[in-house]
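Now for the letters of each chain:
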Amino acid sequence: MRKLSLVVLIGLFLATLFFMWLNDFDSFRIGYLILFILFLIACVGVWDASQKKHAILRNFPVVGHFRYFLESISPEIQQYFIESNTSGRPFSRNLRALVYRRAKNVNDTHPFGTQRDINEEDYVALRHSIYAKSPREEDLRVIVGGADCRQPYSASIFNISAMSFGSLSGNAVMALNKGAKKGKFFHNTGEGGISPHHRQGGDLCWQIGTGYFGCRDGHGFFDGEKFREKASWPEVKMIEIKISQGAKPGHGGVLPGVKNTAEIAEIRGVVPGTTILSPPAHSAFSNTHQLVLFVKRLRELSDGKPIGFKLCIGKTEEFEAICKAMVSEGIYPDFITIDGAEGGTGAAPLEFSDSVGLPLEPALIFARLTLEKYDIKNRIKLIASGKAISAFAIVKNLALGADMCNSARGFMFSLGCIQALRCNTNACPTGVATQDKHLEKGLVVTDKSERVYNFHKNTVHAVKELLGATGHEHTSQLTVRDLVRGDEMVDFANRFFPDSVAHHLD
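On a plain count of helices and strands, the chain comes out with 18 helices and 14 strands. For the C-alpha atoms alone, the extent of the chain along its principal axes is close to 95 × 70 × 40 Å. Counting across all 506 residues of the chain, residues that qualify as buried make up 47%. Here the contacts in the chain between residues at least 6 apart in sequence split such that 68% fall between residues at least 24 apart. When the accessible surface of the chain is totalled, it reaches about 25,100 Å², and 58% of it is carbon and sulfur. If the 58 positive side-chain charges of the chain are averaged to one point and the 52 negative ones to another, these points end up 4 Å apart.

Here's what the structure looks like:
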């Protein structure tokens, strides 16, 4: 390949000189530009052939750069030219388009029937009633706060999941919070602490991660007085202890150094420009009893605001041990957020994203059943987090046992996210997941906050329509019996007259 490249380069060089000679050099001035370009290519080729870091460039000088270029735009090639309307990952084109349409408050209907294979085994559907009801006009809300909570909070069934300032741009955070204010739903701060961008008037769920950002002392440990100060802010309605998250359970949060600006570092109490790795576990507690005592401590320091914790379930016996500790200590969180392994993040090792943690559905079912086993479900609200961006996803989670849902990437789409898969590079083209001021300018807060509001409003309305189709009046009436899976009628002798259908008729 080196010899071929050299022969082609020399041939072009001689051909250019020949045409310049035929035209007496002066009348073929473009030849000088061609010679200059060929000289630059030759320099690049010499450099590629002599460097020792990249085998591709060493063996294929100049031409090898096309491989790296095509690789850099492979997500765009996949998204725009290869994927179908239903095959995109993590979210299909149909789902992304649904969010865009609802965020823009335009027609969100779908033509010509479903594009899904509804005969596949993992197909899940809602069992509708022939006695459907009209959607209710009032908002669907849930009261969060048990017997020990002195400041209960009325939450929407659909809220913004945890995304830190740092992971998202300042403009993105402001747009989310302004949209939450208008739509009267809460905005989870993420573990990066409460920034000025979060304080736009919207209700906040302040997340406390293992780094204790915003309430840490000089050594990175929890500082009760700093926590008390911020917990007293009127916009802080709920406080969530982050034990783990679905995309990287057992791995601390990651803020790449390129995103760690001076502003972010000041908010978090860290050194700017450095990659911030939160510890994988909390230092304020190390066992189940200490965890429930920490819940009690935060409730006292916050003057009785709702306290909960978030986790992705792994070892189920550990969650059961937490429930036992709650009963023995007589201390109960006001809510528990269950994050599925399919949850998203700005940056995580691939092995953690792909291979650690329980998916949301089995985890949610297990959590609900365990709380019921210990007769404490009525004390604790369950929040489902993980790829809930459509009304059906919300209804399904509520039927499986959740009281409400949080969504992160759904609201990112409402801000204009195009699933460019650049979240961990600081090069998000839409200004959502970046600290690059040039890119951030593209996200206009006044416009995007309206889209956040519209997305929430239209999605909750769609939930009401689905709820009416089931014949129910409130989400609290949904149960797992409102759902049917495609594989529930597989084992039968006659495909069209299964025993399960006959049983229902009996």
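Another point: the packing of aromatic side chains. All chains considered together, the criterion is met by 13 aromatic pairs. Measuring from centroid to centroid gives 6.1 Å for Y100 and F413, while their planes differ by 85 degrees, and the two rings are edge-to-face. Placement of the pair is Y100 in helix α6 (residues 93-104) and F413 in helix α15 (residues 409-415), with a sequence separation of 313 residues. For Y100, a relative accessible area of 23% translates into the label partly exposed. Between W206 and F227 the ring centres are 5.2 Å apart and the planes differ by 15 degrees, which places this aromatic pair in the stacked class.

With that out of the way, let us pick up the pairing of strand β12 (residues 381-385). Along any regular strand, the residues point their side chains to alternate faces of the sheet. In terms of burial, β12 is a largely internal element, four of the five residues being buried. At this point the chain moves from β12, through helix α14 (residues 391-400), to the parallel strand β13 (residues 404-407), and the crossover so formed is right-handed.

The relative placement of two packed helices comes down to the angle between their axes together with the axis-to-axis distance. For the pair helix α11 (residues 316-329) and helix α13 (residues 360-373), the least separation of the axes is 10 Å and the interaxial angle reads 35 degrees. Both α11 and α13 take part in a crossing whose hand is right-handed. Contacts from T316, F319, E320 and C323 of α11 reach α13 at F366, A367, T370, L371 and K373. For the contact of α11 with α13, the per-class residue count stands at five nonpolar, two polar and two charged.

Residue D303 is not a glycine yet carries a positive backbone phi of 60 degrees. Position of D303 among the secondary structure elements: in the loop between α10 (288-301) and β10 (307-311). Phi at N426 takes a positive value of approximately 65 degrees, unusual for a residue other than glycine. Mapped onto the elements, N426 comes out in the loop between α15 and α16 (437-440).

What follows is about the pattern of salt bridges. Inspection of the entire model under this criterion finds 16 salt bridges. Notably, a salt bridge pairs R299 with D334, separated by 3.1 Å at the nearest N-O pair. Of the two residues, R299 sits in helix α10 while D334 sits in the loop between α11 and β11 (335-339), which places them 35 residues apart along the sequence. Judged by relative accessible area, which is 2%, D334 ranks as buried. E320 is paired through a salt bridge with K373; the nearest N and O atoms lie 2.6 Å apart. In this pair, E320 is assigned in helix α11 and K373 in helix α13, connecting sequence segments 53 residues apart. Given the relative accessible area of 57%, K373 is considered exposed. Here the salt bridges do not stand alone but share partners, grouping D447, K448 and R451 into one network.

The next thing to look at is the state of the cysteines. Counted under the stated rule, the structure contains zero disulfides. The cysteine C312 is free of any disulfide, with C405 supplying the nearest cysteine sulfur at 16 Å. No disulfide involves C428; its nearest neighbouring cysteine sulfur is the one of C417, lying 6.3 Å away.

A few words now on the side chain of S278. With respect to the helices and strands, S278 occurs in the loop between β9 (276-277) and α10. For S278, a relative accessible area of 7% corresponds to the buried category. Only 3.1 Å separates the side chain of S278 from the side chain of E191, close enough to count as a polar contact.

Okay, the pairing of β10 next. With five of five residues buried, β10 is to be regarded as a mostly interior element. Where β10 lies against β11, four bridges are found, and the strand directions are parallel. In the sheet register, K310 faces β11, and the bridge partner there is T337.

What counts and how
- Residues numbered from 1 in each chain as written.
- Predicted model: local features only at pLDDT ≥ 70, side-chain atom pairs only at ≥ 80, totals over all residues.
- Heavy atoms only, no water.
- Helix = DSSP H or I, 4+ residues; strand = E, 2+ residues; numbered from the N terminus.
- Buried < 20%, exposed > 50% of the residue type's maximum accessible area, 1.4 Å probe, protein only.
- Contact = heavy atoms within 4.5 Å.
- Areas by Shrake-Rupley, 256 points an atom, 1.4 Å probe, with all protein chains shown as cover.
- Lys, Arg positive; Asp, Glu negative; His and termini not counted.
- Charge placed at Lys NZ, Arg CZ, Asp CG, Glu CD.
- Phe/Tyr/Trp six-rings, centres within 6.5 Å; stacked < 30°, edge-to-face > 60°.
- Right-handed = clockwise from strand over helix to strand, strands pointing away.
- Axes fitted to C-alpha atoms, helices over the stretch in contact; angles between N-to-C directions.
- Left-handed = near helix turned anticlockwise from the far one by under 90°.
- Nonpolar A, V, L, I, M, F, W, Y, C, P; charged D, E, K, R; others polar.
- Salt bridge = Lys/Arg side-chain N within 4 Å of Asp/Glu carboxyl O.
- Disulfide = S-S within 2.5 Å.
- Polar contact = N/O pair within 3.5 Å; in protein donor to acceptor, adjacent residues only side chain to side chain.
- Pairing = 2+ DSSP bridges.

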